[in-house]
Amino acid sequence: MGYIVFQKGGYDKVGFTNKDLHNHISKTRRDKVKDGDAFATLAYLLSKADSDPLFLGKFTLKDGRLDNLVWADGASVVDYECFGDVLAFDTTYKKNVYNKSLVIFSGTNHHGQTTIFGCALLLDERSKTFKWALKEFLEIIDEEDIVFSDHTAHRDVFKSLMPGKPIVSLVLDLVADMIKI
């Protein structure tokens, strides 16, 4: 920044601040990494599949870019077989640098500890996308009798994929919905 200020003859003649320059450089670096990260992620998942026979992942591409991704490793598949009575579909994680929502498929083991059964990175939070993620996850891991939803908005997704199965909503979400009213 100092060199540019010297060249222009003062801060007032540069046209941007030090913070603007920092933000521009950071964005440029993230954009460069983003393009290579999708390929690196898929390469990593393929190498995981080679070393873990129970590992499964599914993804969608749009215009040559990674759209949605769902995966579960062997340990998660085994944990689900043991502790998959209740499946939590948790989308409370905020979007990340890639502007994708992180979904955690989890449950509780016999010690009351949270156990992760699988994960997903989703392009958006539309019902269609959630339905795709849950459908692909259920293909990776056999479905169980009870689904534990993190939000009442996902009821339609669960009902369409698991007709006749009971659906339980998280009490905290019901309270949060009541507060919004």
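Residues numbered from 1 in each chain as written. Predicted model: local features only at pLDDT ≥ 70, side-chain atom pairs only at ≥ 80, totals over all residues. Heavy atoms only, no water.

### Here we look at the overall build of the protein
Looking only at helices and strands, the protein has six helices and seven strands in total. Across the protein, helices and strands are ordered from the amino to the carboxyl terminus as α-α-β-β-α-β-β-β-α-β-α-β-α. Sorting the 181 residues of the protein into buried and exposed places 32% on the buried side. Of the roughly 11600 Å² that the protein leaves accessible, carbon and sulfur atoms contribute 58%. (Helix = DSSP H or I, 4+ residues; strand = E, 2+ residues; numbered from the N terminus. Buried < 20%, exposed > 50% of the residue type's maximum accessible area, 1.4 Å probe, protein only. Areas by Shrake-Rupley, 256 points an atom, 1.4 Å probe, with all protein chains shown as cover.)

### Here we look at the packing of aromatic side chains
Throughout the structure, instances matching the rule amount to three aromatic pairs. Ring centres 5.0 Å apart and planes at 90 degrees place the aromatic pair Y80 and F117 in the edge-to-face group. Taken together, the positions of Y80 in helix α3 (residues 74–83) and F117 in strand β5 (residues 114–122) put the pair 37 residues apart, joining distant regions of the chain. F117 carries the same exposure label as Y80, and that label is buried. With a centroid separation of 6.3 Å and 85 degrees between ring planes, the pair formed by Y80 and F137 is classed as edge-to-face. Here Y80 is found in helix α3, whereas its partner F137 is found in helix α4 (residues 127–140), with 57 residues between them in sequence. Assessed through its relative accessible area of 2%, Y80 is described here as buried. (Phe/Tyr/Trp six-rings, centres within 6.5 Å; stacked < 30°, edge-to-face > 60°.)

### Observations concerning a nonpolar patch on the surface
A surface patch of nonpolar side chains, amounting to about 290 Å² of accessible area, comprises Y3, I4 and F16. Here I4 lies in helix α1 (residues 2–8). (Patch = residues over 30% accessible without salt bridge, like charges linked within 9 Å, V, L, I, M, F, W, Y side chains within 5 Å. Salt bridge = Lys/Arg side-chain N within 4 Å of Asp/Glu carboxyl O.)

### Section: α4
With 14 residues, α4 extends 20 Å from end C-alpha to end C-alpha; this agrees with the ideal 20 Å at 1.5 Å per step. Listed in full, the buried residues belonging to α4 are T129, F130, W132, A133, L134, E136, F137, L138 and I140. (Expected span 1.5 Å × (residues − 1).)

### A look at the pattern of salt bridges
Per the counting criterion, the structure on display carries four salt bridges. Linking E136 and K58 is a salt bridge whose minimum nitrogen-to-oxygen distance equals 3.6 Å. Within this pair, whereas E136 is found in helix α4, its partner K58 is found in strand β1 (residues 56–62), the two being separated by 78 residues in sequence. Of the residues examined, E136 reaches a relative accessible area of 11% and is grouped as buried. Put simply, R126 and D124 hold a salt bridge, and the shortest N to O gap is 3.1 Å. Of the residues examined, R126 reaches a relative accessible area of 49% and is grouped as partly exposed.

### Considerations on the nonpolar core
Core analysis: the biggest nonpolar cluster contains 20 residues, and V70, F105, F117 and I141 have the highest contact counts within it. Considering each element in turn, this core owes the most residues, seven residues, to α4. (Core = buried A, V, L, I, M, F, W, Y, C linked by side-chain atoms within 4.5 Å.)

### Here's the deal with the environment of K48
Summarising the element assignment, K48 is placed in helix α2 (residues 18–51). A relative accessible area of 25% means that K48 is categorised as partly exposed. For the pair K48 and G74, spaced 26 residues apart in the sequence, the C-alpha separation amounts to 9.7 Å.

### Some words on the environment of F105
In this structure, F105 sits in strand β4 (residues 101–108). Spatially, the C-alpha atom of F105 lies 6.4 Å from that of D90, the residues being 15 residues apart in sequence.

### What to know about the side chain of S101
Mapping S101 onto the fold places it in strand β4. For S101, the side chain forms a polar contact with the side chain of E125, separated by 2.8 Å. (Polar contact = N/O pair within 3.5 Å; in protein donor to acceptor, adjacent residues only side chain to side chain.)

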